[in-house]
Amino acid sequence: MATTNYGLLASLLYEAQTPPKRRCFISYHHADEREVQTFVDTYSNAEVFTHRALGLDMANDIVDSNDTDYVMRRIREQYMQNTSITIVMVGQNTWKRRYVDWEIAASLRNGFGNPANGLLGIKLPSYAYGFQQYPDRLNDNLIASGVAKGTHCYARCIPYPTNSAELRTAIEEAYQRRQTQSHLINNTRARFGYNRA
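Now for a look at the structure at hand. This one's a predicted model, so the numbers in the text were calculated from it and none came from an experiment. (Residues numbered from 1 in each chain as written. Predicted model: local features only at pLDDT ≥ 70, side-chain atom pairs only at ≥ 80, totals over all residues. Heavy atoms only, no water.)

### Some points on the nonpolar core
Right, so step 1: Core analysis: the largest hydrophobic core is formed by 21 residues, its most contacted members being Ile 26, Phe 39, Phe 49, Ile 87, Met 89 and Ile 171.
Right, so step 2: Only β1 (22-27), α2 (33-44), β3 (85-90), β4 (118-123) and α6 (164-180) provide two or more residues apiece to this core.
Right, so step 3: Residues in contact with Ile 171, not counting those within four places in the same chain, are Arg 22, Cys 24, Val 48, Phe 49, Ile 85, Ile 87 and Leu 120.
Right, so step 4: In terms of nonpolar packing, the next biggest core, distinct from the first, is built from 13 residues, Leu 108, Ala 116, Leu 119 and Leu 138 among them. (Core = buried A, V, L, I, M, F, W, Y, C linked by side-chain atoms within 4.5 Å. Buried < 20%, exposed > 50% of the residue type's maximum accessible area, 1.4 Å probe, protein only. Helix = DSSP H or I, 4+ residues; strand = E, 2+ residues; numbered from the N terminus. Contact = heavy atoms within 4.5 Å.)

### Notes on the side chain of Asn 117
Right, so step 1: Mapped onto the elements of the fold, Asn 117 is located in the loop between α4 (98-107) and β4.
Right, so step 2: According to the relative accessible area criterion, Asn 117 is buried, its value standing at 0%.

### Observations concerning α6
Right, so step 1: Its 17 residues give α6 an end-to-end C-alpha distance of 24 Å, which sits within 8% of 24 Å, the value for a rise of 1.5 Å per residue.
Right, so step 2: Contacts made by the buried residues of α6 are with β1, α2, β2 (49-52), β3, β4 and β5 (155-158). (Expected span 1.5 Å × (residues − 1).)

### Details of the sheet that holds β1
Right, so step 1: Read from one edge to the other, the open sheet built from five strands follows the order β2-β1-β3-β4-β5, with strand pairing classed as parallel. Looking at strand neighbours, the two that pair on one side only are β2 and β5, the edges of this open sheet. Taking the axes of each pair of neighbouring strands and ignoring which way they run, one obtains an average angle of 30° across the sheet.
Right, so step 2: One ladder, built from six bridges, connects β3 with β4; its direction is parallel. Bridging from a neighbouring strand, Ile 87 pairs with Leu 120 of β4.
Right, so step 3: Along the sheet, α2 contacts β1, β2, β3 and β4; its crossing angle with β2, the most-contacted strand, is approximately 145°. (Pairing = 2+ DSSP bridges. Axes fitted to C-alpha atoms, helices over the stretch in contact; angles between N-to-C directions.)

### Here we look at the environment of Leu 124
Right, so step 1: Tracing the sequence through the fold places Leu 124 in the loop between β4 and α5 (136-142).
Right, so step 2: Residue classification places Leu 124 among the buried positions, given a relative accessible area of 2%.
Right, so step 3: For Leu 124 and Val 36, which are 88 residues apart along the polypeptide, the C-alpha to C-alpha distance reads 7.8 Å.
Right, so step 4: Not counting chain neighbours up to four residues away, the residues in contact with Leu 124 comprise Asp 32, Glu 35, Val 36, Met 89, Val 90, Gly 91 and Tyr 160.

### Here we look at the pattern of salt bridges
Right, so step 1: Tallying each qualifying case throughout the model produces seven salt bridges.
Right, so step 2: Between Asp 101 and Arg 137 there is a salt bridge, and its shortest N-O distance comes to 2.9 Å. Of this pair, Asp 101 sits in helix α4 while Arg 137 sits in helix α5, and the two are 36 residues apart along the sequence.
Right, so step 3: What makes Asp 101 buried here is its relative accessible area of 4%. (Salt bridge = Lys/Arg side-chain N within 4 Å of Asp/Glu carboxyl O.)

Structure representation (structure tokens):
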């Protein structure tokens, strides 16, 4: 008579119900690096995602140029390669930063064998204290003309997650929108030439 290993069955069932760990590119304003590092330490170590980011955990890993086409190509080729989601960590001044704009623009580019990344904004804890504004290109993808109010467009912005399951769900939904909402990608805005004051 065969015996049933209920622990193994429960483990297999849990794995089947848990979305896979996605590779995410993290876009953020350097002034928020401490909060972003806390986020990465908390949720990357919790096996929710793996990450890539310019400057975060990568010494001297910044593309230094004013040529936006060159920078966007380098970001896409070197840092976003093999990622499927871009997480924009939204702080008080994130909307002013040209590199954040360029990273979002590079994320939304469709290329041969390299589809656009899903786009997810996450409000940092410090975002709630003062003037609140999203990066324009993120905002362009949160709202689309001709789409009913309250309907999810290509991007979504969420409050800072309180647990791994909440973040995992938001990342997986961003991944799924790559298929279901890709027709709503809006990447037509002129790229920032300089940081805003």
